[in-house]
Amino acid sequence: MVIKVYTASSSGSTSIKKHQQDVVTFLRANKIEYEECDIAANEANRKWMRENVPEESRPATGNPLPPQIFNESNYCGNYDAFFEAREDNAVYAFLGLTAPPGSKEAMALLKKAQQ
């Protein structure tokens, strides 16, 4: 399974750029395989991302903004959901992946199972 992060290479928003970099840096640092899909340079990527973000996750007005995160074609969430999962040590679950043994998330799951 490959995590797909939909980003915009030519975003004028520093907030969007920071959020995209934050997600990609985390995935790279944790050796999580991912593919970056640029919606600014590739119309097919932009169309696919916009069509596959679920209605309940879309903004009230306008289109979903990057970064948007998918596990193959399964929607994981946007930056806010990613950030919340990271704060809760639950990024692997958020991504639909099994936490590697010894990770904070795996240890927390093991502790919870033993209770």
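Attention in this report is confined to the structure presented alongside it. Fair warning: this is a prediction, and the values are worked out from it, not measured in the lab.

Another point: the overall build of the protein. For the protein, the count of helices and strands is five helices and four strands. In terms of overall dimensions, the protein is globule-like: its C-alpha atoms have a radius of gyration of 15 Å, near the 13 Å expected for 115 residues. Structurally, the protein occupies a C-alpha span of about 45 × 30 × 25 Å along its principal axes. The buried share among the 115 residues of the protein stands at 37%.

Turning to the packing of aromatic side chains, a few remarks are in order. The tally for this structure, following the rule as stated, stands at eight aromatic pairs. When the centroid spacing of 5.5 Å and the interplanar angle of 15° are considered together, the rings of tyrosine 6 and tryptophan 48 count as stacked. Placement of the pair is tyrosine 6 in strand β1 (residues 3-7) and tryptophan 48 in helix α2 (residues 43-52), with a sequence separation of 42 residues. For tryptophan 48, a relative accessible area of 27% corresponds to the partly exposed category. Ring geometry for phenylalanine 26 versus phenylalanine 82: centroids 5.5 Å apart, planes at 80°, classification edge-to-face. Separated by 56 residues along the polypeptide, phenylalanine 26 in helix α1 (residues 14-29) and phenylalanine 82 in helix α3 (residues 79-87) bring together distant segments of the chain. You can call phenylalanine 26 buried: its relative accessible area is 18%.

Time to look at the sheet that holds β1. Read from one edge of the open sheet, four strands run β2-β1-β3-β4, paired in mixed fashion. Pairing within the sheet leaves two strands with one partner each, and these edge strands are β2 (34-38) and β4 (74-78). Sheet twist, expressed as the average angle between the axes of neighbouring strands with direction ignored, equals 25°. Sheet contacts for α2: β1, β2, β3 (68-71) and β4; angle to β3, the most-contacted strand, approximately 80°.

One finds Leu27, Ile69, Phe82 and Leu95 to be the most contacted residues of the largest nonpolar core, which totals 17 residues. Only β1, α1, α3 and α4 (91-95) provide two or more residues apiece to this core. Sorting elements by how many residues they give to this core places α4 first, with four residues. Isoleucine 69 has contacts with Ile3, Lys4, Val23, Asn74, Tyr75, Cys76, Gly77, Asn78, Phe82, Phe94 and Leu95, leaving out every residue within four places of it along the chain. One finds Cys37, Ile39, Val53 and Phe70 within the second-largest nonpolar core, a separate group that totals seven residues.

What follows covers the packing of α1 against α3. Their axes nearest at 11 Å, the elements α1 and α3 cross at an angle of 45°. With respect to α3, the axis of α1 lies oblique. Crossing geometry of α1 relative to α3 is assigned as left-handed. For the pair formed by α1 and α3, the contact residues are Lys18, His19, Asp22, Val23 and Phe26 on the first element and Tyr79, Phe82 and Arg86 on the second. Of the residues in the contact of α1 with α3, the class split is four nonpolar, one polar and three charged.

Conventions adopted
Residues numbered from 1 in each chain as written. Predicted model: local features only at pLDDT ≥ 70, side-chain atom pairs only at ≥ 80, totals over all residues. Heavy atoms only, no water. Helix = DSSP H or I, 4+ residues; strand = E, 2+ residues; numbered from the N terminus. Rg over C-alpha atoms; globule rule 2.2 N^0.38 Å. Buried < 20%, exposed > 50% of the residue type's maximum accessible area, 1.4 Å probe, protein only. Phe/Tyr/Trp six-rings, centres within 6.5 Å; stacked < 30°, edge-to-face > 60°. Pairing = 2+ DSSP bridges. Axes fitted to C-alpha atoms, helices over the stretch in contact; angles between N-to-C directions. Contact = heavy atoms within 4.5 Å. Core = buried A, V, L, I, M, F, W, Y, C linked by side-chain atoms within 4.5 Å. Parallel < 35°, antiparallel > 145°, perpendicular 65-115°, else oblique. Left-handed = near helix turned anticlockwise from the far one by under 90°. Nonpolar A, V, L, I, M, F, W, Y, C, P; charged D, E, K, R; others polar.

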